[in-house]
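Residues per chain are reported as follows:
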Amino acid sequence: MSTRHFLPLLALLLLLFVPMAAPGLQILLTLALAKAIAVMGVTLLLRAGQVSFGHALFFGISAYAAAFIAATSLDDLVLLLIAGTAGAALSGLLVGLFVVRYRGIFFGMLNLAFSMIFWSILEKFYHYTGGADGLRLPRPTVLGLSLDRAPFELLLFYLTLALTIGLGWFTLRFLGSPIGQLFQTVKTNETRLEYLGVSARTTLLKGYVLSAALCGIGGILVATAQGIVTPSYAYWIRSGEMVFIAVLGGAGSIPGAVAGALAYEIVRAYAAAFAADIWQLVLGVFLLVVILFAPGGLAGIYTAIANRLSRRDPSPTAHSPNEARQ
Amino acid sequence: MTDPLLEARGLEIRFGGVVAADGVNLTIDEGKNLAIIGPNGAGKTTFLNICTGWLKPSKGQVFFRGEDVTRLPPRKIVQRGVARAFQIPQLFGEHTAMENLMIAVSAREGRQSPLLQMQSQPERSEMQDLLELVGCTDVADARVDELSEGQRKLIDIAVALALKPRLLLMDEPTSGVASSEKFEIMDILVKALAQADVTAVFVEHDMGIVENYADEVAVWNSGEVQMRGTPAEILAHPDVIRDVIGEETA
Ligand SMILES: Nc1ncnc2c1ncn2[C@@H]1O[C@H](COP(=O)(O)OP(=O)(O)O)[C@@H](O)[C@H]1O
Ligand SMILES: [Mg+2]
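Heads up: these notes are all about the structure in this document. What you see is a predicted model, and the numbers here were worked out from it, not measured in a lab.

### Some thoughts on the overall build of chain A
Assigned secondary structure in chain A consists of 16 helices and two strands. Based on the C-alpha atoms only, the size of chain A along its principal axes is roughly 55 × 50 × 40 Å. Each of the 326 residues in chain A was classed as buried or not, and the buried ones make up 52%. Accessible surface, chain A: about 14,500 Å² in total, of which carbon and sulfur atoms supply 72%. Taking the average place of the 20 positive charges on the side chains of chain A and the average place of its 13 negative ones, the gap between the two points comes to 11 Å.

Below, the structure is given as structure tokens:
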């Protein structure tokens, strides 16, 4: 393990102590990490060169699935997670079968279209979805145990942290695996991919389903933390926010997705408190600066600094995007 | 009688006014390396495009080992044992040469586990040998979009070979490669192909290469196979000297 992995790991370790050291941040960080998982889904697609402007669809689908189940007698957190993830993955498969035929702006806009259709269904079918008011998501049991609010929120924080690390690790493994590498060649040369005997669409679809599942898991966690789901979960602004965070963190970087989500939520929380009217302005300028001066995002800035500091120990694979962009 | 490895029957295709294939008939027999020669624009690349399913002919059929593959997409034809190296190399530019080969192995083996890591696939040393075969070991860890055209062409061939094909189609394999190295590389390549039971078809402009490494030669002209024979017959033919060789040296 090189020194450049040390700081991110230290940061994750520090997060373990948030509930004791800074309990006021616990909810904020639960939401930020849950969003980070969803952003990983968007980031994954960026590695295949595709931008989805509608991934809040899966965030919303799983959140509503969780809310529906929570209203039954099966209201256990584990069940919500499994069913919500399965719902997101399945809808990812269905939507994916269609959108993987397209690339670039068409891919992005078709995703947007699907998410807008789902959003209007949520708004219009008031009887089932509660319309714009949404649905309450009562606190579920955890493996059969009913917890009070404080221990439940504590558990949710650690669960979200563990899932962020576990799913981040899994996504990195996926990207380094044979199917993950084929998936990323959709970005660089589909002709060669076809002439390796591989269908670009099928390959893209596999990654798409994983990306939908990741967004779904993020959606369930946010919904459970907030205790309510509304159509805004699936709204295009939420999709845009995911792309925003992915670019901020470092387009294509999985640790960057986490760094981006943490930075975004913290800046937003404090900017909203101290500069309520202009926090979007603050974020907008922030993003502008990142795109203009650090197109690799927060992850890119970190790698550049780490490279400069360890120039005596040049990474032998600095040429390879796989190493450089983890 | 066994089927030829590949057979083209009456292929026709036109692009606007240009007839790029005008009733092309050709058989490729197992174990006999075929050189395709002919002036620019004669339809040589188009022929390879049709044989691999990239283009669909308006008339005619392509058979690979007796099976009609005319309407199949390229990937299905590749899966049946045809690999291709391109006139303009088709590589994964953001990956290194070695990674390009390892990705080809991933595709060949069809590995699906998301936990297995591409770099730790057992075929690594096999791929190292392929890089050595095309003389590119020194750039194994360089991003291919930073390499010279000649190196990219050779790696493109290695990628095609990584698929362990029965038939390897190469479009001007040594253009862009320094003429001092051409013969050495073709020497090693042709030997390796024979050893691995791979039949090669290569489009070639260098008649020295054709003479030394082809078992048969087909001459293309205006979308037609004008002539076919051994290198000795073809290269001595007055029409070929006038239409093809004259043009190459001009
Ligand atoms: N996809 C295409 N669209 C339009 N014209 C094409 C296409 N492919 C080839 N051609 C034309 O067909 C003719 C034969 O091209 P090609 O097969 O590339 O020749 P060669 O490889 O023998 O130099 C040329 O006139 C070329 O411009
Ligand atoms: Mg050509």
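### Re unusual backbone geometry
Leave glycine aside and you will find that most residues have negative phi; peptide bonds, for their part, are mostly trans. Residue and element names in this part refer to chain B. Residue K164 is not a glycine yet carries a positive backbone phi of 50 degrees. Within the fold, K164 resides in the loop between α5 (149-162) and β7 (167-171). What makes K164 exposed here is its relative accessible area of 58%. Its identity is not glycine, yet E172 carries a phi of approximately 50 degrees, on the positive side. Of note, E172 is situated in the loop between β7 and α6 (179-195). With relative accessibility at 10%, the residue E172 sits in the buried group.

### Focus: the sheet that holds strand β5 (residues 67-68) of chain B
All names here are of chain B. Spatially, the four strands line up as an open sheet ordered β2-β1-β4-β5, and their pairing is antiparallel. Looking along the sheet, the strands with just one partner apiece sit at the ends: β2 (18-28) and β5. Looking at chain direction, strand β1 (residues 6-15) and β2 are connected through eight bridges and run antiparallel. When the bridges of β2 are listed, E7 appears paired with T27. Together, β1, β2 and β4 (59-64) form the strand contacts of helix α1 (residues 44-51), whose direction differs from that of β1 by roughly 115 degrees.

### Structural notes on helix α11 (residues 200-226) of chain A
All names here are of chain A. With 27 residues, α11 extends 39 Å between its outermost C-alpha atoms, agreeing within 8% with the 39 Å of an ideal straight helix rising 1.5 Å per residue. Burial analysis of α11 places 22 of its 27 residues in the buried class, which makes it a mostly covered element. Note on α11: the residue one or two positions beyond its end, G227, has a positive phi of about 75 degrees.

### Let's talk about the environment of N212 of chain B
Residue and element names in this part refer to chain B. On the secondary structure map, N212 appears in helix α7 (residues 207-213). C-alpha of N212 to C-alpha of C136: the two residues are 76 residues apart in sequence and 23 Å apart in space. Here the side chain of N212 touches G208 through a polar contact of 2.8 Å, landing on its backbone oxygen.

### Points about the coordination of the magnesium ion (ligand 2)
Residues and elements named next belong to chain B. Protein-derived ligands of the magnesium ion (ligand 2) are T45 (OG1) and Q87 (OE1), with the metal-ligand distances lying across 2.0 to 2.3 Å. Taken as a pair, T45 in helix α1 and Q87 in the loop between β6 (82-85) and α3 (97-109) lie far apart in primary sequence, 42 residues in all. Its relative accessible area of 25% is what places T45 among the partly exposed residues.

### A short note on the sheet that holds strand β8 (residues 199-203) of chain B
Across a sheet, paired strands are connected by hydrogen bonds in the backbone, their directions being either parallel or antiparallel. Residue and element names in this part refer to chain B. Taken together, the six strands give an open sheet; going across it, the order is β6-β7-β8-β3-β9-β10, and neighbouring strands pair in mixed fashion. Both outer strands of the open sheet, β6 and β10 (224-229), are each paired with one neighbouring strand and no more. The average angle at which neighbouring strand axes cross in this sheet is 20 degrees, direction not considered. As defined by bridge partners, strand β9 (residues 216-221) adjoins β10 across five bridges and the pair is classed as antiparallel.

### What about the interface of chain B and chain A?
Contacts between the two partners involve 37 residues from chain B and, on the opposite side, 29 residues from chain A. Both sides together, the interface formed by chain B and chain A hides about 3,000 Å², and carbon and sulfur atoms give 61% of it. Note that R192 of chain A and D156 of chain B form a salt bridge whose closest N and O atoms lie 2.7 Å from each other. Our count for the chain B to chain A interface comes out at 15 residue pairs in polar contact (both at pLDDT 80 or more). Of all the elements in the fold, those that place two or more residues in the side of chain B that touches chain A are α2 (74-79), β6, α3 and α5 of chain B. Take the side of chain B that touches chain A: its biggest share by element is five residues, from α3 of chain B. Classifying every residue of the side of chain B that touches chain A by side-chain character gives 17 nonpolar, eleven polar and nine charged.

### A closer look at the site of ligand 1
All names here are of chain B. Inspection of the region around ligand 1 gives F15, V18, A20, P39, N40, G41, A42, G43, K44, T45 and T46 as its neighbouring residues. Between G41 and ligand 1, the recorded distance is 2.8 Å, taken from a backbone N or O atom to an oxygen atom. Its free accessible area being 560 Å², ligand 1 has 61% of it covered by the protein chains. Those elements that place two or more of their residues in the shell around ligand 1 are β2 and α1. At three residues, the largest contribution of residues to the shell around ligand 1 is made by α1. A breakdown of the residues in the shell around ligand 1 according to their chemical character gives five nonpolar, five polar and one charged.

### A few points about the pattern of salt bridges
Residue and element names in this part refer to chain A. A complete count under the given rule lists 22 salt bridges over all chains for this structure. Between E190 and R103 there is a salt bridge, and its shortest N-O distance comes to 2.6 Å. Placement of the pair is E190 in helix α10 (residues 190-194) and R103 in the loop between α5 (77-99) and α6 (104-124), with a sequence separation of 87 residues. Overall, the relative accessible area of 29% leaves E190 in the partly exposed class. R103 sits in the partly exposed class, given a relative accessible area of 22%. Residues joined by salt bridges that share partners form a network here, namely K35, E241, E265 and R268.

What counts as what
Residues numbered from 1 in each chain as written. Chains lettered and ligands numbered in written order. Predicted model: local features only at pLDDT ≥ 70, side-chain atom pairs only at ≥ 80, totals over all residues. Heavy atoms only, no water. Helix = DSSP H or I, 4+ residues; strand = E, 2+ residues; numbered from the N terminus. Buried < 20%, exposed > 50% of the residue type's maximum accessible area, 1.4 Å probe, protein only. Areas by Shrake-Rupley, 256 points an atom, 1.4 Å probe, with all protein chains shown as cover. Lys, Arg positive; Asp, Glu negative; His and termini not counted. Charge placed at Lys NZ, Arg CZ, Asp CG, Glu CD. Pairing = 2+ DSSP bridges. Contact = heavy atoms within 4.5 Å. Axes fitted to C-alpha atoms, helices over the stretch in contact; angles between N-to-C directions. Expected span 1.5 Å × (residues − 1). Polar contact = N/O pair within 3.5 Å; in protein donor to acceptor, adjacent residues only side chain to side chain. Donors = N, O, S within 2.8 Å, 3.2 Å for Na, K, Ca; no water. Buried area = accessible area lost by both parts, 1.4 Å probe. Salt bridge = Lys/Arg side-chain N within 4 Å of Asp/Glu carboxyl O. Nonpolar A, V, L, I, M, F, W, Y, C, P; charged D, E, K, R; others polar. Near = heavy atom within 4 Å.

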